Structures are given as structure tokens and as C-alpha cells.
Amino acid sequence: MALKSMKMTLMVGATLAALGAGVTAFAAGGYDFDYKMEHRHWGFNGMRGAFDKAAMQRGYQVYREKCSSCHTLEHLAFRHLGDKDGPYYDEAFKNPNDNPFVKTFAADWLIADIDAETGDPIERPGIPADYFPPIYPNDAAARGSNGGALPPDLSVMVAARGGGADYVYNLLIAYGLEKPEGMKLSPGVHYNPVMEGGKIAMAAPLTEGLIDYADGTEATVEQMAADVTEFLAWSADPKLEQRKRAGFATMVYLLILTVLLWFSYKRVWRNVEH
Ligand code: HEC
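All of the points below concern the structure found in this document. (Residues numbered from 1 in each chain as written. Predicted model: local features only at pLDDT ≥ 70, side-chain atom pairs only at ≥ 80, totals over all residues. Heavy atoms only, no water.)

**A few points about the coordination of the iron atom of the ligand**
No. 1: Donor atoms from the polypeptide that coordinate the iron atom of the ligand comprise His71 (NE2) and Met202 (SD), at 2.0 Å from the metal.
No. 2: Geometry at the iron atom of the ligand is octahedral, judged from the 6 donor atoms that bind it and their angles of 85 to 177 degrees at the metal. Of the two residues, His71 sits in the loop between helix H2 (53-67) and helix H3 (100-107) while Met202 sits in the loop between strand S4 (199-200) and helix H7 (221-236), which places them 131 residues apart along the sequence.
No. 3: Judged by relative accessible area, Met202 falls into the partly exposed class, the value being 21%. (Donors = N, O, S within 2.8 Å, 3.2 Å for Na, K, Ca; no water. Tetrahedral: all angles 85-135°; square planar, octahedral: opposite > 155°, others 65-115°. Helix = DSSP H or I, 4+ residues; strand = E, 2+ residues; numbered from the N terminus. Buried < 20%, exposed > 50% of the residue type's maximum accessible area, 1.4 Å probe, protein only.)

**Digging into a nonpolar patch on the surface**
No. 1: Taken together, Val259, Trp262, Phe263, Tyr265, Val268, Trp269 and Val272 make up a surface patch of nonpolar side chains, about 750 Å² in accessible area.
No. 2: Relative to the helices and strands, Trp269 resides in the segment after helix H8 (240-268). (Patch = residues over 30% accessible without salt bridge, like charges linked within 9 Å, V, L, I, M, F, W, Y side chains within 5 Å. Areas by Shrake-Rupley, 256 points an atom, 1.4 Å probe, with all protein chains shown as cover. Salt bridge = Lys/Arg side-chain N within 4 Å of Asp/Glu carboxyl O.)

**A few points about the packing of helix H6 (residues 164-173) against H7**
No. 1: Packing of H6 against H7 brings their axes to within 9 Å, and their N-to-C directions diverge by 145 degrees. Handedness of the crossing formed by H6 with H7: right-handed. Taking contact as the criterion, the partners of Ala165, Val168, Tyr169, Leu172 and Ile173 in H6 are, on H7, Val221, Glu222, Ala225, Ala226, Val228, Thr229 and Leu232.
No. 2: A per-class count over the contact of H6 with H7 returns 10 nonpolar, 1 polar and 1 charged. (Axes fitted to C-alpha atoms, helices over the stretch in contact; angles between N-to-C directions. Left-handed = near helix turned anticlockwise from the far one by under 90°. Contact = heavy atoms within 4.5 Å. Nonpolar A, V, L, I, M, F, W, Y, C, P; charged D, E, K, R; others polar.)

**Quick notes on unusual backbone geometry**
No. 1: Its identity is not glycine, yet Asp85 carries a phi of approximately 75 degrees, on the positive side.
No. 2: Structurally, Asp85 is set in the loop between H2 and H3.

**Quick look at the nonpolar core**
No. 1: Judged by nonpolar contacts, the single largest core of 48 residues is most densely connected at Tyr60, Tyr63, Leu81, Phe132 and Phe231.
No. 2: Elements supplying a minimum of two residues to this core: H2, H3, helix H5 (157-160), H6 and H7.
No. 3: The leading source of residues in this core is H7, at 10 residues.
No. 4: Filtering out sequence-adjacent residues up to four positions away, Phe132 remains in contact with Tyr60, Tyr63, Leu73, Glu74, Leu76, Ala77, Phe78, Leu81 and Trp109. (Core = buried A, V, L, I, M, F, W, Y, C linked by side-chain atoms within 4.5 Å.)

**Looking at the packing of aromatic side chains**
Each aromatic ring pair is described using two quantities: the centre-to-centre distance and the angle formed by the ring planes.
No. 1: Evaluation of the coordinates by the stated rule reveals 18 aromatic pairs.
No. 2: Residues Phe78 and Trp109 carry aromatic rings whose centres are separated by 6.0 Å and whose planes lie at 45 degrees to one another, so their mutual orientation is tilted. Note that Phe78 is positioned in the loop between H2 and H3 and Trp109 in the loop between H3 and strand S1 (110-114), a separation of 31 residues in sequence.
No. 3: Where Phe78 meets Phe132, the ring centres are 4.5 Å apart and the plane angle is 45 degrees; that geometry is what we call tilted. In this pair, Phe78 sits in the loop between H2 and H3 while Phe132 sits in the loop between strand S2 (121-125) and helix H4 (139-145), placing the two residues 54 residues apart along the sequence.
No. 4: A relative accessible area of 0% means that Phe78 is categorised as buried.
No. 5: For Phe132, a relative accessible area of 4% puts it in the buried group.
No. 6: Here Arg40 stacks its cationic end above the ring of Trp42, 5.6 Å away from the centre of that ring.
No. 7: Taking NZ or CZ as reference, Arg58 lies 5.9 Å from the ring centre of Tyr213, over its face. (Phe/Tyr/Trp six-rings, centres within 6.5 Å; stacked < 30°, edge-to-face > 60°. Lys NZ or Arg CZ within 6 Å of the ring centre and 35° of its normal.)

**Observations concerning the environment of Ala236**
No. 1: For Ala236, the position within the fold is in helix H7.
No. 2: When the C-alpha atoms of Ala236 and Gly164 are compared, they prove to be 9.9 Å apart, with 72 residues separating the residues in sequence.

**A word on the layout of surface pockets**
Over the atoms, a rolling probe the size of a water molecule traces out where space has been left empty.
No. 1: The volume enclosed by the largest pocket comes to roughly 590 Å³.
No. 2: Looking at the largest pocket, it is lined by 27 residues, and the ones nearest its centre are His71, Pro151, Pro152, Ile200 and Met202.
No. 3: Only H2, H6 and H7 provide two or more residues apiece to the lining of the largest pocket.
No. 4: Looking at the lining of the largest pocket element by element, the count peaks at 4 residues for H6.
No. 5: Residues that form the lining of the largest pocket fall into these classes: 22 nonpolar, 3 polar and 2 charged. (1 Å grid on protein atoms, 1.4 Å probe; cavity = no way out; pocket = protein on both sides within 12 Å on 5 of 7 lines; lining within 4 Å. Points joined across faces, edges and corners; volume = space filled by probe spheres on them.)

**Considerations on the site of the ligand**
No. 1: Cys67, Cys70, His71, Tyr167 and Met202 are the nearest of the 22 residues found near the ligand.
No. 2: A distance of 2.5 Å separates an oxygen atom of the ligand from a polar side-chain atom of Tyr167.
No. 3: Separating an oxygen atom of the ligand from a backbone N or O atom of Ala201 is a distance of 2.8 Å.
No. 4: Among the detected pockets, the ligand sits in the largest pocket.
No. 5: Going through the elements one at a time, H2 and H6 are the ones with two or more residues in the shell around the ligand.
No. 6: Across the shell around the ligand, the residue classes tally to 17 nonpolar, 3 polar and 2 charged. (Near = heavy atom within 4 Å. Polar contact = N/O pair within 3.5 Å; in protein donor to acceptor, adjacent residues only side chain to side chain. Sits in = over half its atoms within 2 Å of the grid points.)

Structural data, given as C-alpha cells:
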């Protein structure tokens, strides 16, 4: 019996060790990356978390000016920018379709449509109800313009990658580092230790001072990376604040209920001897 359980332990141990070794080799792509992920304090994490409006607005500017030539936001309509808890929510415009920021941003994009009279395909400026348009006619065209790699849709990217906001933030700042000895990069591929295998087919999208921020903030790479990540964290989970508010209210309610139940319990049993 004792021998059997020892054998069992050994087998489980060996399996775990093998798995562990496999995972390490896989994660590092055979190389040892000397990169320490920076864990930022994101205001939207935590029980009563909320998005930082100014950061989201700067983040939208970064997305529009520097990412939207390659990456879509297909789950998002322009009017969502003006939704409650969204980057451009304004109490004066409960209906985001009337929000002047939203209208201006929508009109800044061209949307494929059909002429109602002639039936011809046309392009017109966007309106708040439109969704962010596709950039390429199809995936093949997208790959063709990006050296064979497909720029993924960014609307739910923060939720799609393990590591979430920290992953996207670090991916954007981890460029220009010395690659591990012996690593070969084909043309159009860059070293980035945050990406699995350390290789990415996206050139560094951010460089110092790239953006002229509307609010005058200095555009360091870290600033732009943090801002666009804040915006993308919101687009991946626009109902986060609403959920957290509801969760908090529920907890307060349960707390009050518990106290009341305690007192009524005391009262009901007050004359009973233990
Ligand atoms: C010139 C086109 C181009 C621009 C501009 C660009 N990207 Fe990319 N991006 C790509 C391509 C291509 C990939 C796919 C890379 C790969 O699979 O190796 C990618 C991948 C990504 C990924 C996914 C990485 C992963 O884990 O798979 C993220 C996140 C990302 N880009 C964010 C951004 C952000 C944010 C911006 C703007 C600041 C931006 N990109 C600008 C082309 C671009």
C-alpha cells in the first residue's frame, strides 16, 4: 500500500515536472527573455473601480491617429463613445446621438453605403449610429498590407489576452530591446519579449512625442501606451462600472440584511434557555 502510494506520488511528480518544463520552454519560445512585466495600478481594477475619463479620451486620440490605419474596433459604434461611463459621456446629452464630440468623431470616418436613389456604392461621413468600419476589404488584403500578418481587431483585445491591460501596455512599450543571442528575425518581424515567442510582425507603433495631445499632456511612449490601454480596457468591458456599482450596492444590502437577521434571531430566541 505504502509502496503503491509512493509510486503514485513519483508519477504525479514526474508528470508535473515534465509539464512545467514544457510550459517554460513554450512560453520563452526556446529563448530566455530578460524582460520584467511592469504591473501598473489601473483605476478600473478593484471593487469600486472606474475608468479615467481623461485617459480614455487621450487613448481614443492615440487609437484614431496611430492604430486605426491597421486595427479595427468592430464591436464598437461611434455612439458608444458617448454612453454612460464612456470616454465622452456628457450629462447634457443623455442621448449620445446628440453629443457633439460623438458627432464630430463619427463624421471623421468614411462609411461605405449605397446611394438611396441610384443604388450605387458610395462613401459618406459617419453618423453616431454607425459602427467603426472595416479597414481592409478582407483578411487576405489585411495580410497583404502587413507582410502576411493579420492585425487583430482591438475592441476586446484587453479581455482576450491573459494579462489583460498589463499585457497590452507592456507589449506597446517593449520595443527596441536587445534580442536574445542567436534569435533570427525575418524582414518585417521585430523582437518583442512580451509577445509569445518574442517575435511580432508589428513595428513599434509608438515613439516619443508622436501625438499632439488635445489636453496638452506630454506624449511619452509610456503615457500613450497607458492611455490607449485605458481606452481599450473600456471598449472590452463598457459595462464594468455599472456592474461594480451594482455589486457594491448588493454588498451593502446583504450587510444590512445580515445585521437585521441577527437582531431578529436574538429576539426570537430571547426567552429560550441554552
Ligand atoms: C502598420 C500597421 C499597424 C499599426 C499602425 C498598429 N499595429 Fe498593432 N498589429 C499589427 C499587426 C500586423 C499585428 C499582428 C502581429 C503578429 O501577429 O505578429 C498587430 C498586433 C497587435 C496586437 C496584438 C498582439 C498579440 O498579442 O497578438 C496589439 C495589442 C496591437 N497590435 C496594438 C496596437 C496599438 C495599440 C496600436 C496603436 C498604438 C497599433 N497596434 C498599431 C499592425 C499594426
